[in-house]
Amino acid sequence: MGHAPTSGDKQPERGGTPQTARGDSPPVSTSDKADAPAAKPREEGSRRRRRRGPAKGALRGVRKPGREDGRPEEGRGREGERRKGGDRHAESGEARPAAGAGSHPHGHAPHGREGGRRGAPVTGPLYAALDLGTNNCRLLVAEPQDRGFRVIDAYSRIVRLGEGIGRTGRLSEAAMDRAVDALAICRGKLADLKVRRMRLIATEACRLAENGPLFLERVRRETGLSLEIVSRETEARLAVAGCATLIDPRSEGVLLFDIGGGSSELVWLDLRRRGEARGFALTRFIKSWTSLPVGVVTLSERHGGHIVTPEIYRDMVEEVSGLLEGFDGMEGAAELVASGGAHMLGTSGTVTTLAGIHLGLKRYDRRRVDGVWLDGTEVDQMIDRLIDMGYEQRVANPCIGSDRADLVLAGCAILEAIRSKWPCQRLRVADRGLREGILVELMARDGVWRRRAQPARTEAHV
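These figures come from a predicted structure and were not determined experimentally. (Residues numbered from 1 in each chain as written. Predicted model: local features only at pLDDT ≥ 70, side-chain atom pairs only at ≥ 80, totals over all residues. Heavy atoms only, no water.)

Glancing now at the confidence of the model for the protein chain. The predicted structure's coordinates, where accompanied by low pLDDT, should not be read in detail. Considering every residue of the protein chain, the mean pLDDT works out to 77; 71% of them sit at 70 or more. At the level of individual helices and strands, the protein chain shows its lowest average pLDDT in strand β1 (residues 88–89), which scores 40, and its highest in strand β2 (residues 127–132), which scores 98. A low-confidence stretch, residues 1–116 stays under pLDDT 50, and its non-local contacts, those more than four residues away or across chains, total 402 contacts. Overall, residues 454–462 carries pLDDT values under 50, and its contacts beyond four positions in sequence, including any with other chains, amount to 13 contacts. (pLDDT = per-residue confidence, 0-100. Helix = DSSP H or I, 4+ residues; strand = E, 2+ residues; numbered from the N terminus. Contact = heavy atoms within 4.5 Å.)

Turning our attention to the packing of aromatic side chains. A ring pair, where both rings are aromatic, is described by two values, the distance of the centres and the angle of the planes. This structure, assessed with the given rule, holds 0 aromatic pairs. Between the NZ or CZ atom of lysine 421 and the centre of the ring of tryptophan 422, over which it lies, the distance is 5.4 Å. Its end group placed over the ring of tryptophan 373, arginine 426 keeps NZ or CZ at 4.3 Å from the ring centre. (Phe/Tyr/Trp six-rings, centres within 6.5 Å; stacked < 30°, edge-to-face > 60°. Lys NZ or Arg CZ within 6 Å of the ring centre and 35° of its normal.)

So, on to empty space enclosed by the protein. By volume, the largest cavity is sized at about 570 Å³. Surrounding the largest cavity, 35 residues form its lining, Asn136, Arg138, Asp258, Ile259 and Ser348 being those nearest its centre. Of all the secondary-structure elements, those providing two or more residues to the lining of the largest cavity are β3 (136–145), β7 (253–259), α9 (349–358) and α14 (434–446). The residue inventory of the lining of the largest cavity, partitioned by class, reads 6 nonpolar, 19 polar and 10 charged. (1 Å grid on protein atoms, 1.4 Å probe; cavity = no way out; pocket = protein on both sides within 12 Å on 5 of 7 lines; lining within 4 Å. Points joined across faces, edges and corners; volume = space filled by probe spheres on them. Nonpolar A, V, L, I, M, F, W, Y, C, P; charged D, E, K, R; others polar.)

Here threonine 352 shows up in helix α9. In the structure, threonine 352 is positioned 12 residues away from tyrosine 364 in sequence and 9.1 Å away in space, judged by C-alpha atoms. At 3.2 Å, the side chain of threonine 352 and the backbone oxygen of serine 348 are in polar contact. (Polar contact = N/O pair within 3.5 Å; in protein donor to acceptor, adjacent residues only side chain to side chain.)

Turning next to the nonpolar core. Residues Phe257, Tyr313, Leu386, Ile418 and Trp422 are the most contacted members of the largest nonpolar core, which totals 55 residues. Sort the elements by how many residues they give to this core and helix α13 (residues 408–421) lands first, with 9 residues. Other than its neighbours up to four places away in sequence, isoleucine 418 contacts Leu255, Phe257, Leu266, Leu324 and Met344. In this structure, Ala241, Leu256, Leu282 and Ile286 belong to the second largest nonpolar core, which totals 40 residues. (Core = buried A, V, L, I, M, F, W, Y, C linked by side-chain atoms within 4.5 Å. Buried < 20%, exposed > 50% of the residue type's maximum accessible area, 1.4 Å probe, protein only.)

This brings us to the environment of histidine 358. The residue histidine 358 is located in helix α9 in this model. Histidine 358 gets classed as partly exposed once you look at its relative accessible area, which sits at 29%. Sequence separation of histidine 358 and glutamine 381 is 23 residues, and the distance between their C-alpha atoms is 8.7 Å. Once residues lying within four places of it in the same chain are set aside, the contact partners of histidine 358 are Leu374, Glu378 and Met382.

Right, here's the structure in full:
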């Protein structure tokens with residue numbers, strides 16, 4: 001079983017979005033990646049001709065990827081992230097865009113769309129966080145401001161890096177190609193913006209895959225990006241850091257879960273002695289954690305994601321429930337859940353999809369989804385609606401789409417298994433996660449908010 005995450009990173013066992021970071025947050029003892037290597041990567045065939053290696057000693061001088069690599073397009077969106085001026089991540093944790101900003105659908109826009117960079121000029125150093133998961137490749141670039149940060153650019157693409165890994169134990173050539181293509185776009189953005197402070201991580205797919213380290217070496221050669229495979233412990237801590245400002249200040253405990261593509265992290269925060277601590281400082285109150293070796297990609301591949309009957313759905317729930325049976329490290333959780341003193345906090349495409357459907361959105365809007373509360377009855381109703389939908393109906397739903405239509409019920413099954421073990425009636429939805437946690441940790445470690453000590457401007461926090 002897991003134990004409370006520490007501030008340091010373990011070596012791998014095998015590898016938009018308002019956030020808040022308080023200016024008085026303590027420095028974080030966590031490793032971070034330096035600039036991309038200076039060595040120029042060699043070209044590997046005509047497929048890679050559009051990529052250029054990093055300029056000597058820096059990321060400057062990289063040609064911006066062309067339209068075939070996902071240049072911004074107009075229209076409906078779920079997985080790409082278009083930024084108009086950027087979000088100011090304020091102390092309140094509310095999803096409030098800066099002036100002139102449009103909707104910021106983190107994790108919910110068409111495959112391959114990317115964010116633009118328009119709005120207020122950059123005045124300070126830029127920070128970047130990249131998360132290469134089993135299903136998605138996501139990048140966030142931000143500038144510290146006041147007690148939070150303003151998003152400068154964002155990119156998200158579904159790459160399904162872990163596709164088939166449950167059967168073969170290896171990353172497929174097609175999946176690696178998709179991921180490298182997306183990472184090349186990310187590298188172009190980092191170069192264009194001259195980002196020098198960054199952390200680039202890979203999670204469950206690279207942790208599990210026999211050829212995970214070889215794949216990351218290929219990434220380094222072809223894109224100049226050096227990704228680190230983080231431990232499940234680190235992943236759990238980053239999820240808390242990224243979502244901490246959505247924790248109810250009156251709550252005595254929080255069960256946070258992050259349903260991923262290849263694994264699902266659960267973290268129990270016992271807040272009965274937190275005093276005045278809030279925001280990033282709440283990571284000190286992680287009591288226990290565990291990582292389930294199952295996510296939406298792996299579960300749907302085992303049970304099927306296109307045609308999901310009520311019987312297949314129950315089988316998925318039972319499989320995940322079995323994985324939870326041995327986890328008894330949640331001291332005090334059952335009592336606080338039963339008394340109403342604790343709430344759940346979910347960060348994943350599953351819960352944001354449920355929230356979008358609950359709100360009846362005609363187009364996914366993260367500003368309306370991030371931070372919304374759902375009670376137990378509402379969650380049950382949304383899951384029942386999804387089970388009743390056919391595959392084509394799920395594809396047609398603006399909050400699901402073709403990229404997630406075969407995955408969403410697997411996510412619901414994981415969520416239902418968690419709720420069955422800890423029947424909490426209050427769930428808060430977070431459209432934020434690891435990238436935001438990385439940015440908060442990097443900025444806290446650098447002490448940017450202490451250096452920027454100044455009277456808080458009201459308009460930045462409303």
